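Residue-level structural notes
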Amino acid sequence: MARSLGVSLADAYPQVAAMWLQERNGGLTPEKATPKMQVAVWWRCTAGHEWQENISNRTAMPKWKNGDVAACRECVGHRVSYTYPECGHTAMVTPEAAAKKRGRCWKCQQAWWQANEKRLKAELSAAAKAAAGRAAELLDAIPVAADVPAPLLTEWRWWAAKYVQGAIAAEEIMGKDGERDRVLARVTAAAATLLPTKETAGRAAAAEGVLRLVDQAHWAEGWLYQLTGRLPRPVPADDLENIAFLLGEVLADWAQGAAQAVAENRGNGHPAPTTAEITRSLTRAVLSMTDDEVFAPIAPYTRTYRELRVPVVPAGKSRYGRLDAVIWTPGIPDIVVEIDSAPNAASAQKLAFARDAGAHPLWVRFGSGGIEKIDGVTVLDIRDAVRGVCEAGSGGGTT
């Protein structure tokens, strides 16, 4: 049967038109409507189910209709009628959604959340803190392979405890039955595959430079070195000097622009930048190094990262450290940068590890204190440049 735009719904799909609920559809009739109209009208099936739906949807043929264009969702079990007990609204939902027995429809739940958000967050936070002991007991019962390094196990417990405590709070405060079991299944599965394989680390190092472990981004090349103990080809001194020179130019440009901005800000009554603000600004400048024309041929393939975890535990800590900046490009050593305002033993540890893993390790230093020399690590001393930035306008120093 022809189904052109000029053919009415009654002529093209008489079996669909037979379900037309005329008393609720005003002056529009199946004889006036066309099969592809984007108009919502009311329908009633032979079993008495009533619903509102676009005409174009009724004439479509999705899989759930099993070849019957006039099929009713409720009759075939694709949708069931569910009345939310707390708000009283009724909707057609999937059987799986109905089985969850939610108390409110989506709109009412959103309105309730907006009205109770502040109180609920406080209650959830308090309940999660109170559940710390119970969460620890649950995590103690989860088996973990004996070869998992202690710091990685610490990372997992920190990550898992956050979710288990939240799940306990969600059950108690929001009535989310089964949330604890669902989360325990997730953290148990993560515990079974905590330690990455050499193959996984190798693929991550080659693909994008990042390895995901318990929801944390790790430096893939560092883990590959940790797992294999391989001795990578050392980075030639000339290459390291060239990278340091390029970064030095980038930071010189940063200092000039930052000094001008600080002078303007001080003229408007703003205080000198803090050490934390300078560090963040320097990190952005370092990561912008790939904008230089030297990187132009490989820029589309280059990735820049901040705060990647590295399998090094700084002295006095129990969790892995993080790298301030990593620049990854396929086929060449990664550029690893640490930025410090004062001598930092943790940075020295991380940079020495990065050197041993075959990266370009660069240490950007500003602020006070002496500068430690580490074989194979280039130090960029920008103390004078940063001092000039902080003094721009009216004098002073870093805070």
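Let's talk about the nonpolar core
With 34 residues, the main nonpolar core has Leu247, Leu251 and Trp254 as its most contacted residues. Elements represented by at least two residues in this core include exactly α12 (237-267), α13 (275-287), β10 (325-328), β11 (335-340), β12 (360-365) and α15 (383-391). Here this core gets twelve residues from one element, more than from any other, and that element is α12. Residues within four places of Leu251 in sequence aside, it is in contact with Leu282, Ala285, Val286, Val364, Leu380 and Ile382. Val187, Ala191, Leu194 and Ala205 belong to the second-largest nonpolar core, a separate cluster that totals 29 residues.

Section: unusual backbone geometry
For Lys101, which is not glycine, the phi torsion reads 50° and is therefore positive. Along the chain, Lys101 turns up in the loop between α5 (95-99) and α6 (106-130). Phi angles above zero are rare outside glycine, and Val214 is one such case at about 40°. Relative to the helices and strands, Val214 is located in the loop between β5 (210-213) and β6 (216-219).

A few points about the packing of helix α7 (residues 132-140) against helix α8 (residues 150-174)
Running from N to C, α7 and α8 cross one another at 125°; their axes reach a closest spacing of 9 Å. In terms of orientation, α7 lies oblique with respect to α8. Pair α7 / α8 crosses with right-handed handedness. Contact residues: Ala132, Arg134, Ala135, Ala136, Leu138, Leu139 and Asp140 in α7; Trp156, Arg157, Ala160, Ala161, Val164, Gln165, Ile168 and Glu172 in α8. Across the contact of α7 with α8, the residue classes break down as ten nonpolar, one polar and four charged.

Focus: the environment of Val144
Residue placement: Val144 occurs in the loop between α7 and α8. Residue classification places Val144 among the partly exposed positions, given a relative accessible area of 28%. Counting along the chain gives eleven residues from Val144 to Gly133, while the straight-line C-alpha distance between them is 19 Å. Those residues in contact with Val144 that sit more than four places away from it in its chain are Leu153, Trp156, Ala191 and Leu194.

A look at the packing of aromatic side chains
For the coordinates displayed, the defined rule picks out six aromatic pairs. For the ring pair Trp159 and Tyr163, a centre distance of 5.6 Å and an interplane angle of 65° mean the geometry is edge-to-face. Of this pair, Trp159 and Tyr163 both sit in helix α8, separated by four residues, roughly a single helical turn. What makes Trp159 buried here is its relative accessible area of 3%. Their ring planes at 75° and their centres at 6.4 Å tell us that Trp219 and Phe353 sit as a pair that is edge-to-face. With Trp219 in strand β6 and Phe353 in helix α14 (residues 345-356), the pair connects residues that are 134 residues apart, well separated along the chain. Ring pairs connect the aromatic residues Trp219, Tyr225 and Phe353, which therefore count as one cluster.

Rules used throughout
Residues numbered from 1 in each chain as written. Predicted model: local features only at pLDDT ≥ 70, side-chain atom pairs only at ≥ 80, totals over all residues. Heavy atoms only, no water. Core = buried A, V, L, I, M, F, W, Y, C linked by side-chain atoms within 4.5 Å. Buried < 20%, exposed > 50% of the residue type's maximum accessible area, 1.4 Å probe, protein only. Helix = DSSP H or I, 4+ residues; strand = E, 2+ residues; numbered from the N terminus. Contact = heavy atoms within 4.5 Å. Axes fitted to C-alpha atoms, helices over the stretch in contact; angles between N-to-C directions. Parallel < 35°, antiparallel > 145°, perpendicular 65-115°, else oblique. Left-handed = near helix turned anticlockwise from the far one by under 90°. Nonpolar A, V, L, I, M, F, W, Y, C, P; charged D, E, K, R; others polar. Phe/Tyr/Trp six-rings, centres within 6.5 Å; stacked < 30°, edge-to-face > 60°.

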